[in-house]
Amino acid sequence: MEQKKTKNRSPEASIFYTAGLIFLGIVVAAFIISLFWTPYSPDATDAASKLMAPCLEHPFGTDNFGRDVLSRVMSASKYTLLISGAGVGIALILGTITGVLAGYYGGIIDRGIMLFGNSIMCFPGILLALVAVAVFGPSVGNVIWALGLVFAPTFARVCRVGTMEIKELDYITHARIMGVKPLRIMALHVFPNLTSQLLPATVIGLANMTLFESGMSYLGLGVQPPDASFGKMLSDAQAYIRVAPWLVIFPALMLVFYILGLYFISEGLRVGLTKGGKR
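Draft legend 1. View of the overall build of the protein chain. The number of helices and strands found in the protein chain is eleven helices and zero strands. Put simply, the protein chain runs from its N terminus to its C terminus through helices and strands in the order α-α-α-α-α-α-α-α-α-α-α. Dimensions of the protein chain, computed from the C-alpha atoms along their principal axes, are close to 75 × 55 × 30 Å. Sorting the 279 residues of the protein chain into buried and exposed places 42% on the buried side. Of all intrachain contacts in the protein chain linking residues separated by at least 6 positions in sequence, the fraction that spans at least 24 positions is 74%. Taken as a whole, the protein chain presents about 14600 Å² of accessible surface, with 69% of it coming from carbon and sulfur. Taking the average place of the 21 positive charges on the side chains of the protein chain and the average place of its 15 negative ones, the gap between the two points comes to 11 Å.

Next up, the structure:
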């Protein structure tokens, strides 16, 4: 069995996985460490140390309020992982349920669900999320729910197409003839076979949701001060980009690392699943 697994492993996929885990590991490590320790309090100001260039005392420098940029970057990673993870979780649950129902039953249920999903996807996702947060108020919880609802139709489409293929398989037809209830078929037979399609979509969803959250925070409708977020840090750094470029460089690098890591892992999943399917 071990020899068979080794032969089926794609070297190309392994390269993507390795690169993705390195980039992603930097942000995840910052998040985990920030739960227990940061060099300084992320919100602590020091007028005497404002706009200090990177040094031993402040490796990432300080901002215009004298706050330690490294501590704020570590704190911002917490909100990035929280919002993207929780948002994708909501989108995945809603999208999977509606997509499987639409694909399995078809007919008016399929048309109704997909019409509603398509109507949401007709508008730019970031615009809908911004409107929702503007109406209900900027907070982490509202951002999570807004992004989850905006991304749910994407997962619904993936699940619908997969379910329409799976429900025509012989063992599903046999289960229906034997009188197995539809909900049991969907839960025990359809959904497990959708995981290979949902995994890459979930990873890409995490990356896209992070970009959306950063854009919303950049515009002032995401994570609210004094809490740190990559988007808000970049927005605040605009006025000082020439005199203190480190205010832009370090938050931007962490954001790029997180997005690149997710895209590399998604590509590794795609390549691995494709090569595995061909074999």
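Draft legend 2. Looking closely at the environment of Gly231. By the element assignment, Gly231 lies in helix H10 (residues 230-237). Expressed as a C-alpha distance, the spacing of Gly231 and Val190, which sit 41 residues apart in the sequence, is 39 Å. Each residue touching Gly231, except ones within four places of it in the same chain, is listed here: Ser214, Ser217 and Tyr218.

Draft legend 3. View of the nonpolar core. The biggest cluster of nonpolar side chains holds 58 residues, and the ones touching the most others in it are Val73, Leu147, Leu194, Met216, Met254 and Leu262. Broken down by element, the residue count for this core peaks at 13 residues, all from helix H3 (residues 69-105). Among residues more than four places away in sequence, those in contact with Leu147 are Ile83, Ala129, Met209, Phe212, Glu213 and Met216.

Draft legend 4. Expanded view of the pattern of salt bridges. According to the stated counting rule, one finds four salt bridges in the structure shown. The salt bridge involving Asp43 is made with Arg72; its shortest N-O contact spans 3.4 Å. With Asp43 in the loop between helix H2 (11-34) and H3 and Arg72 in helix H3, this pair connects stretches of sequence that are 29 residues apart. With a relative accessible area of 5%, Arg72 lands in the buried category.

Draft legend 5. Expanded view of the side chain of His58. You can see His58 is positioned in the loop between H2 and H3. A polar contact is formed between the side chain of His58 and the side chain of Asp68, at a distance of 2.8 Å. When near neighbours in sequence (up to four residues on either side) are disregarded, His58 contacts Tyr40, Met52, Ala53 and Asp68.

Draft legend 6. The environment of Asn208, seen in detail. Mapped onto the secondary structure, Asn208 falls in helix H9 (residues 195-218). Excluding residues within four positions of it along the chain, Asn208 makes contact with Phe151 and Tyr263.

Draft legend 7. Unusual backbone geometry, seen in detail. Residue Pro226 follows Pro225 across a cis peptide bond; omega there is 10 degrees. Tracing the backbone shows Pro226 in the loop between H9 and H10.

Draft legend 8. Spatial organisation of a nonpolar patch on the surface. A contiguous nonpolar patch, built from Ile32, Ile33, Leu35, Phe36 and Trp37 and spanning about 580 Å² of accessible area, is present on the exposed surface. Take Ile32: it is sitting in helix H2. With relative accessibility at 43%, the residue Ile32 sits in the partly exposed group.

Draft legend 9. Fine view of the side chain of Asp68. Structurally, the position occupied by Asp68 is in the loop between H2 and H3. Within the local environment of Asp68, its side chain forms a polar contact with the side chain of Ser71, the two groups lying 2.7 Å apart. Setting aside residues up to four positions removed in sequence, Asp68 forms contacts with Pro39, Tyr40, His58, Gly61 and Thr62.

Draft legend 10. Looking closely at the packing of H3 against helix H8 (residues 182-190). Where H3 meets H8, the closest approach of the two axes is 11 Å, and the angle between their N-to-C directions is 115 degrees. Seen from above, H3 lies across H8 with right-handed handedness. Every residue of H8 that contacts H3 at Val100, Leu101, Tyr104 and Tyr105 is listed here: Pro182, Ile185, Met186 and Val190. Here the contact of H3 with H8 is composed, by residue class, of eight nonpolar, no polar and no charged.

What counts as what
Residues numbered from 1 in each chain as written. Predicted model: local features only at pLDDT ≥ 70, side-chain atom pairs only at ≥ 80, totals over all residues. Heavy atoms only, no water. Helix = DSSP H or I, 4+ residues; strand = E, 2+ residues; numbered from the N terminus. Buried < 20%, exposed > 50% of the residue type's maximum accessible area, 1.4 Å probe, protein only. Contact = heavy atoms within 4.5 Å. Areas by Shrake-Rupley, 256 points an atom, 1.4 Å probe, with all protein chains shown as cover. Lys, Arg positive; Asp, Glu negative; His and termini not counted. Charge placed at Lys NZ, Arg CZ, Asp CG, Glu CD. Core = buried A, V, L, I, M, F, W, Y, C linked by side-chain atoms within 4.5 Å. Salt bridge = Lys/Arg side-chain N within 4 Å of Asp/Glu carboxyl O. Polar contact = N/O pair within 3.5 Å; in protein donor to acceptor, adjacent residues only side chain to side chain. Patch = residues over 30% accessible without salt bridge, like charges linked within 9 Å, V, L, I, M, F, W, Y side chains within 5 Å. Axes fitted to C-alpha atoms, helices over the stretch in contact; angles between N-to-C directions. Left-handed = near helix turned anticlockwise from the far one by under 90°. Nonpolar A, V, L, I, M, F, W, Y, C, P; charged D, E, K, R; others polar.

Everything listed here is a matter of geometry and, on its own, says nothing about what the molecule does.
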